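Residue-level listing of the chains:
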Amino acid sequence: MDEAIADTRRLMSKPQNLNDAYGPPSNFLEIDVSNPQTVGVGRGRFTTYEIRLKTNLPIFKLKETRVQRRYSDFEWLRNELERESKVVVPPLPGKAFFRQLPFRGDDGIFDDSFIEERRQGLEQFLNKVSGHPLAQNERCLHMFLQDESVDKSYTPSKIKQT
């Protein structure tokens, strides 16, 4: 019966110094989707989002980047990851077809509340995908997060850790 009682003694650990407590974390990956901007007019109107990446993970060649992406770029990334990787890719926030109908009396997909809701969903999507170790090896993710423009005719491949 004594064997069934859980051992509740503290684990022995080394004392923490100031550098351990307040220094940079050993591995971090921060991704923010922010600053939505609607550009264009009529049927050529769309919203872009700024994606900011900060990391110290060795697999990423650049440690800080800022790029602009639109919803269709997120759709491309999701499709590429689904096709090329073994990762279960989470869904994107919806397309909002009803918001695109004319004569609604509001701004539809360009309404501030909808853009904010979508921005939050895109940020959540990117953080889930980018945090997955297998997705981090995909060239399409690196291109999406770090290259100024997305080359949709790229050759899919894995990133080699240096």
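Quick caveat: nothing in here was measured; it's all calculated off a predicted structure.

Parameters at a glance
- Residues numbered from 1 in each chain as written.
- Predicted model: local features only at pLDDT ≥ 70, side-chain atom pairs only at ≥ 80, totals over all residues.
- Heavy atoms only, no water.
- Helix = DSSP H or I, 4+ residues; strand = E, 2+ residues; numbered from the N terminus.
- Buried < 20%, exposed > 50% of the residue type's maximum accessible area, 1.4 Å probe, protein only.
- Lys, Arg positive; Asp, Glu negative; His and termini not counted.
- Salt bridge = Lys/Arg side-chain N within 4 Å of Asp/Glu carboxyl O.
- Polar contact = N/O pair within 3.5 Å; in protein donor to acceptor, adjacent residues only side chain to side chain.
- Axes fitted to C-alpha atoms, helices over the stretch in contact; angles between N-to-C directions.
- Parallel < 35°, antiparallel > 145°, perpendicular 65-115°, else oblique.
- Left-handed = near helix turned anticlockwise from the far one by under 90°.
- Contact = heavy atoms within 4.5 Å.
- Nonpolar A, V, L, I, M, F, W, Y, C, P; charged D, E, K, R; others polar.
- Core = buried A, V, L, I, M, F, W, Y, C linked by side-chain atoms within 4.5 Å.
- Phe/Tyr/Trp six-rings, centres within 6.5 Å; stacked < 30°, edge-to-face > 60°.

Caption draft 1: Quick look at the side chain of Arg 69. If you trace the backbone, Arg 69 turns up in strand 3 (residues 64-70). For the buried Arg 69, no salt bridge is present, and the opposite-charge side chain at shortest range is Asp 73, 4.8 Å distant. Of the polar contacts made by the side chain of Arg 69, one reaches the backbone oxygen of Met 143; its length is 3.3 Å. Polar contacts involving the side chain of Arg 69 include one to the main-chain carbonyl oxygen of Glu 148, which spans 3.2 Å.

Caption draft 2: Region of the structure containing the packing of helix 2 (residues 71-84) against helix 4 (residues 139-146). In contact at an axis separation of 9 Å, helix 2 and helix 4 are set at 160° when each is read in the N-to-C sense. Between helix 2 and helix 4, the angle is such that the two are roughly antiparallel. Where helix 2 crosses over helix 4, the two elements pack in a sense that is left-handed. Touching Asp 73, Phe 74, Trp 76, Leu 77, Glu 80 and Leu 81 of helix 2 are Cys 140, Leu 141, Met 143 and Phe 144, all from helix 4. Of the residues in the contact of helix 2 with helix 4, the class split is eight nonpolar, no polar and two charged.

Caption draft 3: Inspection of the side chain of Asp 73 at higher detail. Position of Asp 73 relative to the elements: it lies in helix 2. The exposure class of Asp 73 is buried, given its relative accessible area of 12%. For Asp 73, the residues in contact, after removing those within four places along its chain, are Phe 144 and Lys 152.

Caption draft 4: Representation of unusual backbone geometry in the model. Its identity as a non-glycine residue notwithstanding, Asn 35 has a phi of 50°, on the positive side. Its place among the elements puts Asn 35 in strand 1 (residues 29-39). For Asn 35, a relative accessible area of 40% gives the class partly exposed.

Caption draft 5: Expanded view of the nonpolar core. Ile 51, Phe 74, Leu 77, Leu 126, Phe 144 and Leu 145 are the most contacted members of the largest nonpolar core, which has 30 residues in total. For this core, the secondary-structure elements that each account for two or more residues are strand 1, strand 2 (46-55), helix 2, helix 3 (112-130) and helix 4. What Phe 74 contacts, discounting residues up to four positions off in sequence, is Ile 51, Arg 69, Leu 92, Leu 122, Phe 125, Leu 126 and Phe 144.

Caption draft 6: Representation of the packing of aromatic side chains within the structure. Counted by the stated rule, this structure contains two aromatic pairs. For the pair Phe 74 and Phe 144, a centre-to-centre distance of 5.0 Å together with 70° between the ring planes defines the contact as edge-to-face. Here Phe 144 lies in helix 4 and Phe 74 lies in helix 2, a separation of 70 residues in the sequence. Classification of Phe 144 by relative accessible area gives buried; the value is 0%.

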